[in-house]
Amino acid sequence: MPRLTPQQVEAYGRDGYLCPLDAFDTAQARAYRDRLEAFEAAEGMKMSRGHNFKPHLLFPWVDEIVHSPAILDAVEDLIGPDIVLFHLSVWPKDAGSGTYVSWHQDATYFGLEPPVHVTAWVALTDASIEAGCMEVVPGSHRLGQLWHSEMQDPDNLLSRGQTLDAPVDRSRTAFMPVRAGQFSLHHTHLVHNSRPNRSSDRRVGLGISYIPAHVRCSSAQRVTALLVRGRDRFGHFDPERRPAVEAGSAERAFHADAVARFRAANLEQSDRVAIVRR
Ligand SMILES: O=C(O)CCC(=O)C(=O)O
């Protein structure tokens, strides 16, 4: 795949997102989806809220996606050659379910300094407007970090229910539909949400958070991350262990520890926001 054009890089700077871009073909996307759903069936649980963090530590096939040259080439054009995977969430929405994602900015509880971070949302199924693809406020990334409140709602896929409560004009939004095998890119301060899936098929994507290696997490809790391209001359994170087999006992143990640390770091950031707002 060609690198991003200067026009695409300029559009990202202006609008805060790019969509759609091609990662792999639909047959490959179907194969990845089948792997995910076979695991869900075997475990008797869906990889939804509460179980959707950091699957790249459990599954070699997710590790393959996060190293995809098509995705990393585009990310490199936006954040440079030394790329660290800071976080990854699976975002499944069953057909006809009420699950949604509230209006938010990804940066809110990440505590990244400086806040240089791009999310690649990689579609394992078609994510049309009807199926509840992401909806964004173009250009809102230029507003910087905005206030959020925590609205607990089991249908909201965001783990802390963080919801924008700053007055941002949402009268002109844009949707980011992607077909299976495509991806979109969005800026850490871009205001976005997604509505329930009204289609007849499940909608599943991977939200992969990439940062340049010089960016650190300001939480006292040290977290893990994975260098996916280039060099890390900073050592801000404990290196992640790439999975050798699908959800083996070593993979599960490493994953559980990494997720626990990530949740603790997130909670610290949420507490900091609450103190500042008091
Ligand atoms: O998958 C969705 O509907 C929302 C994902 C999202 O908010 C993100 O990747 O930042």
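Above this text sits the structure in question.
Sequence positions are assigned chain by chain, starting from 1 and proceeding in written order. Restriction of local features to residues with pLDDT of at least 70 applies here, the model being predicted, together with a cutoff of 80 or more for giving and counting side-chain atom pairs; totals for whole chains, interfaces and linings are based on all residues. Hydrogens and water are ignored here; the side-chain numbers use all heavy atoms of the structure.

Engineer: Please explain the side chain of threonine 108 as it appears in this structure.
Structural biologist: Runs of E in the DSSP output that reach at least two residues are strands. Runs of H or I that reach at least four are helices, and both are numbered from the N terminus. Topologically, threonine 108 is positioned in the loop between β3 (101-104) and β4 (112-113). Under the relative-accessibility criterion, threonine 108 is labelled buried at 11%. Pairing of N or O atoms within 3.5 Å defines a polar contact, subject to two protein rules: one partner must be a possible hydrogen donor and the other a possible acceptor, and residues neighboring in sequence count only if both atoms are side-chain atoms. At a separation of 2.7 Å, a polar atom in the side chain of threonine 108 contacts the main-chain carbonyl oxygen of glutamine 105. For threonine 108, the side chain forms a polar contact with the side chain of glutamine 145, separated by 3.3 Å. What threonine 108 contacts, discounting residues up to four positions off in sequence, is Gln145 and His148. With a 1.4 Å probe rolled over the protein chains alone, any residue whose accessible area is under 20% of its type maximum counts as buried; one over 50% counts as exposed, and the rest are partly exposed. Note on definitions: a residue-residue contact is assigned when non-hydrogen atoms from the two residues lie within 4.5 Å.

Engineer: Even after reading the chapter, I still don't get the site of the ligand, so can you show me in this structure?
Structural biologist: Surveying the vicinity of the ligand reveals the residues Trp91, Lys93, Val101, His104, Asp106, Thr119, Trp121, Met134, His186, His192, Ser194 and Arg203. At 3.2 Å, a side-chain N or O of histidine 186 approaches an oxygen atom of the ligand. Measuring from an oxygen atom of the ligand, one finds a side-chain N or O atom of serine 194 at 2.5 Å. Here the open area of atoms and residues is found with the Shrake-Rupley method and a 1.4 Å probe, where only the protein chains shown may cover a residue. Contact with the protein chains removes 98% of the 300 Å² of surface that the ligand exposes when unbound. Where the shell around the ligand is concerned, the elements lending two or more residues are β2 (83-93), β3, β5 (118-123) and β11 (192-194). Charged residues are taken to be Asp, Glu, Lys and Arg, nonpolar residues to be Ala, Val, Leu, Ile, Met, Phe, Trp, Tyr, Cys and Pro, and polar residues to be all remaining types, Gly included. Residues that form the shell around the ligand fall into these classes: four nonpolar, five polar and three charged. Residues are classed as near a molecule or strand on a simple rule: at least one heavy atom within 4 Å of it.

Engineer: What is the right way to look at the sheet that holds strand β9 (residues 174-176) in this model?
Structural biologist: By definition, the strands of a sheet pair up through backbone hydrogen bonds, in either a parallel or an antiparallel sense. The four strands lie next to each other as β3-β11-β6-β9, forming an open sheet whose pairing is antiparallel. A strand with exactly one partner marks an edge of an open sheet, and here the two such strands are β3 and β9. For this sheet, the mean inter-axis angle between neighbouring strands, taken without regard to orientation, is 25°. Sheet analysis places β3 next to β11, joined by two bridges and oriented antiparallel. Residue histidine 104 lies in a different strand from β11, and its bridge partner there is histidine 192. Each pair of strands is called paired provided DSSP finds at least two bridges between the two strands. Every angle, taken between N-to-C directions, lies between 0 and 180 degrees, and every axis is a line fitted to C-alpha atoms, over only the stretch in contact when it is a helix.

Engineer: What exactly am I supposed to notice about the side chain of histidine 87 here?
Structural biologist: Inspection of the secondary structure puts histidine 87 in strand β2. In this structure the side chain of histidine 87 is engaged in a polar contact, spanning 3.3 Å, whose partner is the side chain of serine 89. Apart from residues no more than four positions distant in its own chain, histidine 87 is found in contact with Phe53, Lys54, Phe110, Gly207, Ile208, Ser209 and Phe262.

Engineer: Can you walk me through the packing of aromatic side chains in this structure?
Structural biologist: Each aromatic ring pair is characterised by the separation of its centres together with the angle its planes make. Working definition: rings of Phe, Tyr and Trp (its six-membered ring) pair if their centres are within 6.5 Å, and the pair is stacked with planes under 30 degrees apart, edge-to-face with planes over 60 apart, and tilted otherwise. Scanning the entire structure with this criterion turns up nine aromatic pairs. Both rings, one in phenylalanine 39 and one in phenylalanine 59, keep their centres 4.7 Å apart while their planes meet at 75°; by these two values the pair is edge-to-face. One end of the pair, phenylalanine 39, is in helix α2 (residues 26-43); the other, phenylalanine 59, is in the loop between α2 and α3 (60-66), and 20 residues separate them in sequence. Each member of the pair, phenylalanine 39 as well as phenylalanine 59, carries the same accessibility label: buried. Look at phenylalanine 59 and tryptophan 61: their rings are 5.7 Å apart centre to centre, the planes differ by 15°, and that puts the pair in the stacked class. Each member of the pair, phenylalanine 59 as well as tryptophan 61, carries the same accessibility label: buried. Among the aromatic residues, those joined into a cluster by ring pairs are Phe24, Tyr32, Phe39, Phe59 and Trp61.

Engineer: Just checking my understanding: could you explain the sheet that holds strand β1 (residues 17-22) for this structure?
Structural biologist: Taken together, the seven strands give an open sheet; going across it, the order is β1-β10-β5-β12-β2-β14-β15, and neighbouring strands pair in mixed fashion. The strands lining the two open edges of the sheet, one partner per strand, are β1 and β15 (238-239). The pairing of strand β14 (residues 224-229) with β15 spans two bridges and is classified as parallel. Within β15, the position partnered with alanine 225 by the bridge is proline 239. Docked against the sheet, helix α1 (residues 6-15) engages β1, β5 and β10 (182-187), running at close to 140° with respect to β1.

Engineer: Mind showing me how you'd approach the nonpolar core here?
Structural biologist: When a protein is soluble and globular, its nonpolar side chains tend to lie buried together. To form a nonpolar core, buried Ala, Val, Leu, Ile, Met, Phe, Trp, Tyr and Cys residues must be joined to one another through side-chain atoms within 4.5 Å. Within the largest apolar cluster, 41 residues are counted, with the highest numbers of intra-cluster contacts made by Ile65, Leu185 and Tyr210. If one sorts the elements of this core by residue count, helix α4 (residues 69-79) sits on top with five residues. With residues up to four places along the chain from it excluded, the contact list for isoleucine 65 reads Phe24, Tyr32, Ile71, Val122, Leu124, Leu206 and Ile208.

Engineer: Sorry if this is basic, but what is going on with the environment of methionine 151 here?
Structural biologist: Residue position: methionine 151 is located in the loop between β7 (148-150) and β8 (162-164). Given a relative accessible area of 43%, methionine 151 falls into the partly exposed group. For the pair methionine 151 and glutamate 246, spaced 95 residues apart in sequence, the C-alpha separation works out to 35 Å. In this view, methionine 151 contacts Asn156, Arg160, Gly161 and Thr163; residues no more than four positions away in its chain are not counted.

Taken by themselves, the reported measurements are silent on function.
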